[in-house]
Amino acid sequence: MVSTVDLNTVAGLSELEAIARLKDEGYNELPSARSGSILLFVWETVQDPIFLLLVSGGIIYWILGDLQEALILLGFVFFITGISLYQEGKTEHALEALRDLSSPRALVIRDGERKRIAGREVVRGDVLVLAEGDRVPADAMVLSCTNFSTDESLLTGESLPVRKVAAAGTVEMARPGGDELPFVYSGTLVVQGQGIAQVQAVGAQTEMGKIGNALQKVKPEPTPLQQEMTRLVSRLFGIALLLCVAIVVIYGITRGDWLKGFLAGITLAMAILPNEFPVVVTIFLALGAWRISQKHVLARRASAVETLGSATLLCVDKTGTLTLNQMAVQQLFAYNYAENPHPYNLELHLRESLPETVHELVEFCILASQRDPFDPMEKAFKELGDRYLAHTEHLHDDWILLREYPLSPQLLAMSHVWQSADGKQYEIAAKGAPEAIADLCHFTPEQQTIMAAQVSEMANQGLRVLGVAKASLVDAPPPFLPPHPSLNPNHLPDEQHDFPFQFIGLVGLSDPVRPNVAAAIQECYTAGIRVVMITGDYPGTAQTIARQIGLMQMGAILTGAELDLMSDAELQQRIQSTNIFARAVPEQKLRLVNALKTKGEVVAMTGDGVNDAPALKSAQIGIAMGQRGTDVARESAALVLLDDDFSSIVQAVKLGRRIFDNLRKAMAYLIAIHIPIAGMSLIPVLFKLPLVLLPVHVAFLHLIIDPACSIVLEAEPAEATVMQRPPRHPKEPLFGRKTLGLAVLQGVGILAIVLVIFVVALYRRQGELDARALTFTTLILANLGLILSESSSSRLSLKILKSPNAALWWVIGGGLVFLAIVLYVPFLRQLFSFSFLHPIDLAICLGGGAIALLWFEQLKFLNRTQRVIKSKSGNSI
């Protein structure tokens, strides 16, 4: 059924009206589940182990009568809470930006222009343009539709799609359910046809909103990395708790001072409790997804951020991803056996008018397209007609569309049935894949051979080739003749095949390659990533594009027809030596993805249509097109390419590698720095020495540790060699033996240095306060050196002074300033139980910090040397 409204007469809301309604009625979304987030954050902070330990330490100092120590610990509570609040705010800001991006897209008409906006910005009164594969963003009344059906099972439980009709005048919204209703509902899916609808209700006023806020209570599942971290933290927490209890008991029994024993236990707990680990993972994944979105790639699932760095193979469509998707008609081939025609090349006749021989071909290209086209090919046909056929009898703006026969997987062609303005003429225009048009025209084998040769010649020039055909009902058998001047659509046949089509000719369209694709392809090869092109175009077109973008062809091109004839075993054999698949239909993508996965590849697959959804779900990294993709594809994918540009995928892979590298640096840093803190909390108790670290000292260290691991190292730029190494194995743990070993060696090195300084200071100078001040200062300087060293996997150099990471210098500078204040402000020096440090003392501490930094750099040098030796010997790294 067809019911149309002239889109040229639909202006929709103005931008000013839309902004005013958005302000008055709010966003088109359900009420946020995170209302009162400040109170929620405060409650979560109160439950944080470090917060509880600091408060417990303050209470014990208060019981001991040391009010100053109690107050300073409470002061650190506010400092650490402030850092946590900053981290939480930064993460929440990133998540809010991602929520805006991930809101379903909606195509609306505002000020007479089509405009793609976030679904949450749709307001009451907006005019929606809906097509197959779209998710309806709001409850709306249908103004116009063509073969329009939606899946409302989400609201009604009905398993079958329901047909929609256009509203006759203004009607009240009714409840969902049943056929022939002029309403569509928020959250439902368009499964067939196109429609124009006007929004009647948004947000909580929609049928979806009335159901309740159940969807807001659904929490995303933790990623594999978060699950690994949960297991690790659970084990470390148990070990830490046992050690803390043991320290309290040992101190209490051996020294008879249970309150100070509790302080020693609290200090050790603050030193070794792994509470930062899950926080860091959450922050890195959230901010990583936000950073990727800055490269025009939306991460819909956090797991995609983890997997990106492991991608070994990119399967990409040609049109719009490798090319600009800006079609232009380049060749017209008007079919005529008697005259043995040649293609008419528009590029060679730019200043000339079109010859009469191709006028009919252009006319029926336009008739087979939407009147107000959105598809780039149909736009190209309209632009061609407006340029060359304006004010001729070949353009029919006043004709009436009676029926549309849509494209289907079985027949890659579409037809439009038109009635002339005077009601006396009925024309059917068809366009589609040349072989489908040949099928509609019932070509003989000889005709098919002639047409195939011409198609191949045009495809070899890199053109996308379409066939065009026409039929007139006046020439049809009697059942198709209208009994009345106004043809009843019910008298039209159900199948396109039933029309007496005549072949008109072929159209060749060019689509320029994106200028940055060739460089991105080469970057993939350097990074050890294989690139596979899957296209519906002819092998000649695919081969030409591959040459233009520098895609190295492996073996012969495999076509969709050949793919259907292959067994799974044959495909497994062939797929290793093939990287161009032509004339492939979307359904074949799933088979290709599964075959590649079986071979151990980590597959990133692009797609845009409804039929691409299974392949996008199956691929480890499904990538949907943000501009030309359907909502179904976007919902099935892990990533959404907001600009449909291949180079954005490569940038996302680069960022994925950077995120994992920085996360590994942060985790190694946490392990390394906790070893000397825990050691200097534990060793004095076991050997009946004066306590070096008290809760106030560990709290001070946390002022540096927390921002260092979650802000500084997260913001570190990618290593220069990040895209010059093979992909990371997807099952490689965050804490491999090498990572853990290096971190432990770094931590043990710091512990050895500060322990030597502590013991020498204690026995040579006979001063507990001197020993503590020297040890703590050395530990702080070694900690800052560790941050500098961890910020780069390569050798540290003066280039670090040009680091764009401002947070690095804020943390290092702030740490040094606070250390100076604590050492040289008498009140604070007394609270920290320090003595006055003289220049020679500072020189000793600086020497210890410098030795620690040299130790870190030597470890990096040895690690890099070992990695080079392994790579030369052919072993995996």
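Conventions and cut-offs
- Residues numbered from 1 in each chain as written.
- Predicted model: local features only at pLDDT ≥ 70, side-chain atom pairs only at ≥ 80, totals over all residues.
- Heavy atoms only, no water.
- Helix = DSSP H or I, 4+ residues; strand = E, 2+ residues; numbered from the N terminus.
- Expected span 1.5 Å × (residues − 1).
- Buried < 20%, exposed > 50% of the residue type's maximum accessible area, 1.4 Å probe, protein only.
- Arc of directions from axis to C-beta.
- Core = buried A, V, L, I, M, F, W, Y, C linked by side-chain atoms within 4.5 Å.
- Patch = residues over 30% accessible without salt bridge, like charges linked within 9 Å, V, L, I, M, F, W, Y side chains within 5 Å.
- Areas by Shrake-Rupley, 256 points an atom, 1.4 Å probe, with all protein chains shown as cover.
- Salt bridge = Lys/Arg side-chain N within 4 Å of Asp/Glu carboxyl O.
- Pairing = 2+ DSSP bridges.
- Contact = heavy atoms within 4.5 Å.
- Axes fitted to C-alpha atoms, helices over the stretch in contact; angles between N-to-C directions.
- 1 Å grid on protein atoms, 1.4 Å probe; cavity = no way out; pocket = protein on both sides within 12 Å on 5 of 7 lines; lining within 4 Å.
- Points joined across faces, edges and corners; volume = space filled by probe spheres on them.
- Nonpolar A, V, L, I, M, F, W, Y, C, P; charged D, E, K, R; others polar.
- Lys, Arg positive; Asp, Glu negative; His and termini not counted.
- Polar contact = N/O pair within 3.5 Å; in protein donor to acceptor, adjacent residues only side chain to side chain.
- pLDDT = per-residue confidence, 0-100.
- Left-handed = near helix turned anticlockwise from the far one by under 90°.

Trainee: Is there a simple way to explain helix α12 (residues 376–388) in this structure?
Mentor: Helical geometry: 3.6 residues make up each α-helical turn, so side chains three or four residues apart lie on a common side. When the terminal C-alpha atoms of α12 are compared, their 18 Å separation across 13 residues agrees well with the 18 Å that a helix rising 1.5 Å per residue should span. All of the buried residues in α12 are Met377, Glu378, Ala380, Phe381, Leu384, Gly385 and Tyr388. One face of α12 carries all of its buried residues, which in axial projection span an arc of 155 degrees. Those residues of α12 that are exposed and angled more than 90 degrees off the buried face are Glu383 and Arg387.

Trainee: Can you help me understand the nonpolar core in this one?
Mentor: One recurring pattern in soluble globular proteins: nonpolar side chains tend to sit buried together. Counting residues in hydrophobic clusters, the biggest one holds 127 residues, and the most contacted among them are Phe646, Met667, Tyr669 and Ile787. Of the residues forming this core, the biggest block, 21 residues, is contributed by helix α22 (residues 646–686). Leu411, Tyr426, Ile428 and Ala430 belong to the second largest nonpolar core, which has 32 residues in total.

Trainee: Looking at this structure, I do not really get a nonpolar patch on the surface. What am I missing?
Mentor: Together, Phe237, Leu241, Val245, Val249, Ile253, Trp258, Leu259 and Phe262 make up an exposed nonpolar region whose accessible area comes to about 740 Å². Taken together, the elements giving at least two residues each to the nonpolar patch come down to α7 (224–255) and α8 (258–272). Of all the elements, α7 adds the most residues to the nonpolar patch, at five residues. Here Ile253 shows up in helix α7.

Trainee: Help me understand the sheet that holds strand β13 (residues 400–405), please; the structure alone is not making it clear to me.
Mentor: A sheet is described by the order of its strands in space; here seven strands give the open sequence β12-β11-β17-β16-β15-β14-β13, paired in antiparallel fashion. Here the strands that pair on one side only, and so sit at the sheet edges, are β12 (344–345) and β13. As paired strands, strand β11 (residues 328–334) and strand β17 (residues 502–510) are joined by six bridges and run antiparallel to one another. Its bridge partner lying in β17, Ala328 is registered against Ser510. Here helix α11 (residues 359–367) sits on the sheet in contact with β11, β14 (413–419), β15 (426–432), β16 (464–472) and β17, set at roughly 80 degrees to β17. Packing of α12 onto the sheet brings it into contact with β11, β14, β15, β16 and β17, and relative to β11 it is tilted by some 75 degrees.

Trainee: Could you clarify how one ought to interpret empty space enclosed by the protein in this entry?
Mentor: The gaps left among the atoms become clear once a water-sized probe is rolled over them. This model, assessed by the stated rule, comprises three cavities of 30 Å³ or more. Reported here for the largest cavity is a volume of approximately 50 Å³. As for the largest cavity, its lining consists of Arg105, Ala106, Leu107, Arg116, Leu128, Val129, Leu130, Asp134, Arg135, Pro137 and Asp631. Contributing elements (two or more residues each) for the lining of the largest cavity: β2 (105–110) and β4 (127–131). Residue composition of the lining of the largest cavity, by class: six nonpolar, no polar and five charged.

Trainee: Help me out: how do you make sense of the side chain of Glu404 in this one?
Mentor: With respect to the helices, strands and loops of the structure, Glu404 is situated in strand β13. Of the side chains with opposite charge, Lys431 comes closest to the buried, unpaired Glu404, at an N-O distance of 7.7 Å. In terms of polar contacts, Glu404 uses its side chain to reach the side chain of Gln370, at 3.3 Å.

Trainee: Just to check I follow, could you spell out the confidence of the model for the protein chain for this structure?
Mentor: As a note on interpretation, predicted positions should not be read in detail where pLDDT is low. Mean pLDDT over the protein chain stands at 82; residues scoring 70 or higher make up 82%. Contacts of residues 213–218 to residues separated by more than four positions or lying in other chains number seven contacts, the stretch itself having pLDDT below 50. Confidence drops under a pLDDT of 50 for residues 475–489, and excluding neighbours within four residues, the segment shows 26 contacts in the predicted structure.

Trainee: Explain unusual backbone geometry to me, please; I cannot follow it from the model alone.
Mentor: Residues apart from glycine generally show negative phi values, whereas peptide bonds are mostly found in trans. At Asp644, a position not held by glycine, the phi torsion is positive, near 60 degrees. Here the phi dihedral of Ser833 falls at roughly 60 degrees; this positive angle occurs in a residue that is not glycine. Of note, Ser833 is situated in the loop between α27 (826–831) and α28 (839–872).

Trainee: What is the right way to look at the pattern of salt bridges in this model?
Mentor: Side chains that carry opposite charge are capable of pairing whenever their charged atoms lie near each other. This structure, assessed with the given rule, holds 24 salt bridges. Note that Glu15 is salt-bridged to Arg110, the shortest N-O span being 3.6 Å. Of the two residues, Glu15 sits in helix α1 (residues 15–25) while Arg110 sits in strand β2, which places them 95 residues apart along the sequence. Given a relative accessible area of 24%, Glu15 falls into the partly exposed group. Judged by its relative accessible area of 7%, Arg110 falls in the buried class.

Trainee: Looking at this structure, how should I read the packing of helix α15 (residues 517–526) against α22?
Mentor: Two packed helices can be described by the angle between their axes and the distance between those axes. One can describe the packing of α15 onto α22 by two numbers: an axis separation of 9 Å at closest approach and a directional angle of 35 degrees. When you trace α15 past α22, the crossing you get is left-handed. The residues of α22 that touch α15, namely those facing Val517, Ala520, Ile521, Glu523 and Cys524, are Phe646, Ser647, Val650, Gln651 and Lys654. Split into classes, the residues belonging to the contact of α15 with α22 amount to six nonpolar, two polar and two charged.

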